[in-house]
Protein chains: 4
Amino acid sequence: MGKGRLEAFSDGVIAIIITIMVLEMKVPHATDLAALAELVPVFLSYVLSFIYVGIYWNNHHHLLHVSHRVDGRVLWANLHLLFWLSLFPFATGWMGENHFAALPTAAYGVVLLAASIAFFILQRAIIRVNGGAESELAGALGKDFAGKISPVLYAAAIPLAFYNQWISDALYVLVAAIWFIPDRRIEKVISA
Amino acid sequence: MGKGRLEAFSDGVIAIIITIMVLEMKVPHATDLAALAELVPVFLSYVLSFIYVGIYWNNHHHLLHVSHRVDGRVLWANLHLLFWLSLFPFATGWMGENHFAALPTAAYGVVLLAASIAFFILQRAIIRVNGGAESELAGALGKDFAGKISPVLYAAAIPLAFYNQWISDALYVLVAAIWFIPDRRIEKVISA
Amino acid sequence: MGKGRLEAFSDGVIAIIITIMVLEMKVPHATDLAALAELVPVFLSYVLSFIYVGIYWNNHHHLLHVSHRVDGRVLWANLHLLFWLSLFPFATGWMGENHFAALPTAAYGVVLLAASIAFFILQRAIIRVNGGAESELAGALGKDFAGKISPVLYAAAIPLAFYNQWISDALYVLVAAIWFIPDRRIEKVISA
Amino acid sequence: MGKGRLEAFSDGVIAIIITIMVLEMKVPHATDLAALAELVPVFLSYVLSFIYVGIYWNNHHHLLHVSHRVDGRVLWANLHLLFWLSLFPFATGWMGENHFAALPTAAYGVVLLAASIAFFILQRAIIRVNGGAESELAGALGKDFAGKISPVLYAAAIPLAFYNQWISDALYVLVAAIWFIPDRRIEKVISA
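Everything numeric here is computed off the predicted structure, so don't read it as measured data. (Residues numbered from 1 in each chain as written. Chains lettered and ligands numbered in written order. Predicted model: local features only at pLDDT ≥ 70, side-chain atom pairs only at ≥ 80, totals over all residues. Heavy atoms only, no water.)

S.K.: Can you help me understand the relation of the copies chain C and chain B in this one?
M.R.: What relates the two chain copies is a rotation about an axis together with a slide along it. With an RMSD of 0.0 Å, the operation that places chain C on chain B is a rotation of 90 degrees combined with a shift of 0.0 Å along the axis. Expressed as a symmetry operation, the mapping of one chain copy onto the other fits a four-fold axis. Taking the C-alpha atom as reference, chain C places G12 of chain C closest to the rotation axis, 4.3 Å from it. With a heterologous cut-off of 20% or less, the 3% of interface residues of chain C that recur at the interface of chain B puts this contact in the heterologous class. (Least-squares fit on C-alpha atoms with pLDDT ≥ 70 in both. Contact = heavy atoms within 4.5 Å.)

Encoded structure:
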């Protein structure tokens, strides 16, 4: 079974997700600065989610790139990941429109946590069909610090949102930064 | 005529269908748990439809994978299938927003039934252009238990919705389960 | 310059157009048959437009398939066609929601006419870069009866909508039928 | 790292952006000419943005076509460009629905300016990974008059919108025309 259509379908879904998120930023009827200022929280939540979906696309790209085979388990693990990513527009809009209120901020963390677990499951499914735990792929993914720390930080951020949601939002920004940086470090190792 | 663009176009349409379904889950204005609880039926119908569209994408992927040629009949049979799949967001939203009321539940079954018939027609068109009833492809698809039982169960679910819609909803979940399981069994046979 | 990305981009745009048209069919709040009956004109206009966009995708597929080269002129002629196709959801929704009233029916004809002219321009641009009027491609497209009669019928349908819009709607259905049938005839010639 | 998925993903995102912009042109409830006349500014802003997104797709196509390699920096520079392009539907709708009022016109210029800077950054990132400033690619892009004059004109248009927005709108049309013409000139050089 070829991985080409899996990549193409995933690209399509992720491209749509990243683009329809912007539809939550409703065009205001007024034309003054106050109307734009109203949109700042929606805009900030859009920027954060755009970066997250970008990170997922990047990681998905890398994961499939090093994979040689896919099977039905991988197809479904991939659909499972896409399901949680498809909830980003909803979670982003709910958090942004309510100015980062406690429950929407926690719900955003639940979606992030579920997506990170889904990505982990997809990794396992891909390693399994590409030679198992002893394979080169498993080795390359083994030092995956960002993949291990992210769910822990999301799981911490969810209850913390009810204490002070800004701590949770800071954690979401922190995780995005963690992913953003080692992504380029790993690449240097690969190209070396 | 190449099958590449047929696959790419179908991937695009299915990717959009599976993603815009989530737009029916409108971002609530309130930020309490009651607002989330309101969305539970919409969410459940979204999950069910996501799985169904995922099954169709999977089956479409497999069907085209074993096909060597396509013709104009296949192009139109494929568009016919995509037409019925494009009604999923409508049927899903109508059923979810009305908490699985009788008529929307029956309408959902009509869309499922029509899509399953459209998939059957697409199979026939692909078998026809790839060697006919005696071909290897026809043999592989001949034991298609799920493809034969699904329309029967959908056809039963449609009138049953007016007696008790939960029976119909249970049948929709049952058919999804039937598809989900043999899909992996067939694959084991293929890889063996 | 490769035609691959031109096809992929066009597939993406056409896939989105054909799918977002269904969003004009708004999920009703009521759950009775009257709510569904309300949607019948919207549904019929959606079916007609789905077939038209399907025909355009089919013809686009065939046109690019026989083309070997593309240039900047082709890229822009293609974008010009996609522009008019992108107005299908608007024209379809306006006509359907107003139960095929005169002006929306005429406007639908304007979009159909403009798209057919845009397709003709794209054909010329592709013939030009693939060997000109003496080429095999120009010969194959020369007998293009449907391509020649369609703009005439659209141009007739636009003013007729203000006399009796059902004549215009019948003409739109007729043109779709004309396209649908010879499409398969031509293919038989090709495969023979 | 292959550029195929980068192109496919970008095609997907740009295809969605160019298509969902049309959703800002809401289907009117009335069926008279006054209802259509109301939409003229929205339509004009849609046409302008369609041409701009078409230009970006064209330029993106050419840039990636001459590129042999991509790295993580290119992936992120590309996502950065797609981010600003994703704000086109919002900026277009805001400007069109408010009949080219001063602040929305200025905001449109800000999005254009940011996208042009993002495209410049993407060019630098691609040159960097494809042989640096001495490479053939850098030479080909060096005479990029349109790329240099556009940000200057956008930067002028933004404050001018508060003096007279029609000057700014004229500048946006002018820049689109500048891009449209040399694009075909460069191509003649390439094919010669």
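S.K.: Help me understand the UniProt feature "transmembrane region" (unreviewed entry) in chain A in this model?
M.R.: All names here are of chain A. Following the UniProt record, the feature "transmembrane region" (unreviewed entry) maps to residues 6–23, 35–55, 75–94 and 106–127 here. The span residues 6–23 shows a helical share of 83% and a strand share of 0%, and its end C-alpha atoms are spaced 26 Å apart. This span, residues 75–94, is 95% helix and 0% strand, and a straight line between its end C-alpha atoms measures 30 Å. (UniProt positions renumbered as here; feature names shortened; annotations may be inferred. Helix = DSSP H or I, 4+ residues; strand = E, 2+ residues; numbered from the N terminus.)

S.K.: Could you clarify how one ought to interpret a nonpolar patch on the surface in this entry?
M.R.: A contiguous nonpolar patch, built from I117, F120 and I121 of chain A and spanning about 260 Å² of accessible area, is present on the exposed surface. Here F120 of chain A shows up in helix α6 (residues 102–129). (Patch = residues over 30% accessible without salt bridge, like charges linked within 9 Å, V, L, I, M, F, W, Y side chains within 5 Å. Areas by Shrake-Rupley, 256 points an atom, 1.4 Å probe, with all protein chains shown as cover. Salt bridge = Lys/Arg side-chain N within 4 Å of Asp/Glu carboxyl O.)

S.K.: Explain the relation of the copies chain A and chain B to me, please; I cannot follow it from the model alone.
M.R.: When chain A is fitted to chain B, the residual RMSD is 0.0 Å, and the transformation amounts to a turn of 90 degrees plus an axial shift of 0.0 Å. Counting the interface residues of chain A, we find that no more than 3% of their copies in chain B are interface residues as well, pointing to two distinct contact surfaces.

S.K.: What is the right way to look at helix α3 (residues 40–65) of chain A in this model?
M.R.: Because each turn of an α-helix spans 3.6 residues, side chains separated by three or four positions in sequence point in the same direction. Between its first and last C-alpha atoms α3 of chain A spans 37 Å; for 26 residues at 1.5 Å apiece the expected length is 38 Å, and the two agree. In terms of residue burial, α3 of chain A counts as a mostly covered element, since 20 of its 26 residues are buried. (Expected span 1.5 Å × (residues − 1). Buried < 20%, exposed > 50% of the residue type's maximum accessible area, 1.4 Å probe, protein only.)

S.K.: For this particular structure, what's the right way to read the interface of chain A and chain B?
M.R.: When the parts come together, some accessible area is lost, and that loss is often what is quoted as the size of the interface. Chain A puts 30 residues into the contact, and the matching count from chain B is 39 residues. Between chain A and chain B, the buried area comes to about 3,100 Å², and carbon and sulfur atoms account for 74% of it. We note a salt bridge from R5 of chain A to E7 of chain B, for which the minimum N-O separation is 3.8 Å. Those elements giving two or more residues to the side of chain A that touches chain B turn out to be α1 (4–20), α4 (72–86), α5 (88–97) and α6 of chain A. Sorting elements by how many residues they give to the side of chain A that touches chain B places α1 of chain A first, with 9 residues. Broken down by class, the residue content of the side of chain A that touches chain B amounts to 19 nonpolar, 6 polar and 5 charged. (Buried area = accessible area lost by both parts, 1.4 Å probe. Nonpolar A, V, L, I, M, F, W, Y, C, P; charged D, E, K, R; others polar.)

S.K.: Even after reading the chapter, I still don't get the packing of aromatic side chains, so can you show me in this structure?
M.R.: Both the distance between ring centres and the angle between the ring planes are used here to describe each pair of aromatic rings. Following the criterion strictly, the structure yields 48 aromatic pairs over all chains and no others. With a centroid separation of 5.9 Å and an interplanar angle of 75 degrees, the aromatic rings of Y46 of chain A and F50 of chain A are classed as edge-to-face. Residue Y46 of chain A and its partner F50 of chain A are located together in helix α3, separated by 4 residues, close to a single helical turn. Clustering of aromatic rings is evident, with ring pairs tying together F43, Y46 and F50 of chain A together with F83 and W84 of chain D. (Phe/Tyr/Trp six-rings, centres within 6.5 Å; stacked < 30°, edge-to-face > 60°.)

S.K.: What is the right way to look at unusual backbone geometry in this model?
M.R.: As a rule of thumb, non-glycine residues mostly have phi less than zero, and peptide bonds are mostly trans rather than cis. Phi angles above zero are rare outside glycine, and F100 of chain B is one such case at about 60 degrees. Note that F100 of chain B resides in the loop between α5 (88–97) and α6 (102–129). Backbone geometry places H99 of chain D, a non-glycine residue, at a positive phi of 50 degrees. Mapping H99 of chain D onto the fold places it in the loop between α5 (88–97) and α6 (102–129). Residue classification places H99 of chain D among the partly exposed positions, given a relative accessible area of 43%.

S.K.: How do you make sense of the interface of chain C and chain B when you look at a structure like this?
M.R.: The partner chain B presents 30 residues to the 39 residues of chain C that form the contact. Of the roughly 3,100 Å² buried between chain C and chain B, counting both surfaces, carbon and sulfur atoms make up 74%. One can count 2 salt bridges joining chain C with chain B. Counting across the interface, chain C meets chain B through 5 residue pairs in polar contact (both at pLDDT 80 or more). (Polar contact = N/O pair within 3.5 Å; in protein donor to acceptor, adjacent residues only side chain to side chain.)

S.K.: Which parts of the structure should I look at to understand the packing of helix α4 (residues 72–86) of chain B against α6 of chain B?
M.R.: The description of two helices packed together rests on the angle between their axes and the distance between the axes. Residue and element names in this part refer to chain B. For the pair α4 and α6, interaxial distance at closest approach is 8 Å and the crossing angle is 165 degrees. Put simply, α4 runs roughly antiparallel to α6. Between α4 and α6 lies a crossing of left-handed hand. Of the residues in α6, those in contact with R73, V74, A77, N78, H80, L81, W84 and L85 of α4 are V111, A114, A115, A118, F119, I121, L122, A125, I126, R128 and V129. For the contact of α4 with α6, the class distribution of residues is 15 nonpolar, 2 polar and 2 charged. (Axes fitted to C-alpha atoms, helices over the stretch in contact; angles between N-to-C directions. Parallel < 35°, antiparallel > 145°, perpendicular 65-115°, else oblique. Left-handed = near helix turned anticlockwise from the far one by under 90°.)

S.K.: Mind showing me how you'd approach the environment of V13 of chain C here?
M.R.: Mapped onto the elements, V13 of chain C comes out in helix α1 (residues 4–20). Classification of V13 of chain C as buried rests on a relative accessible area of 1%. Placed 22 residues apart in sequence, V13 of chain C and A35 of chain C show a C-alpha to C-alpha distance of 31 Å. Each residue touching V13 of chain C, except ones within four places of it in the same chain, is listed here: L82 of chain C together with A15, I18 and T19 of chain D.

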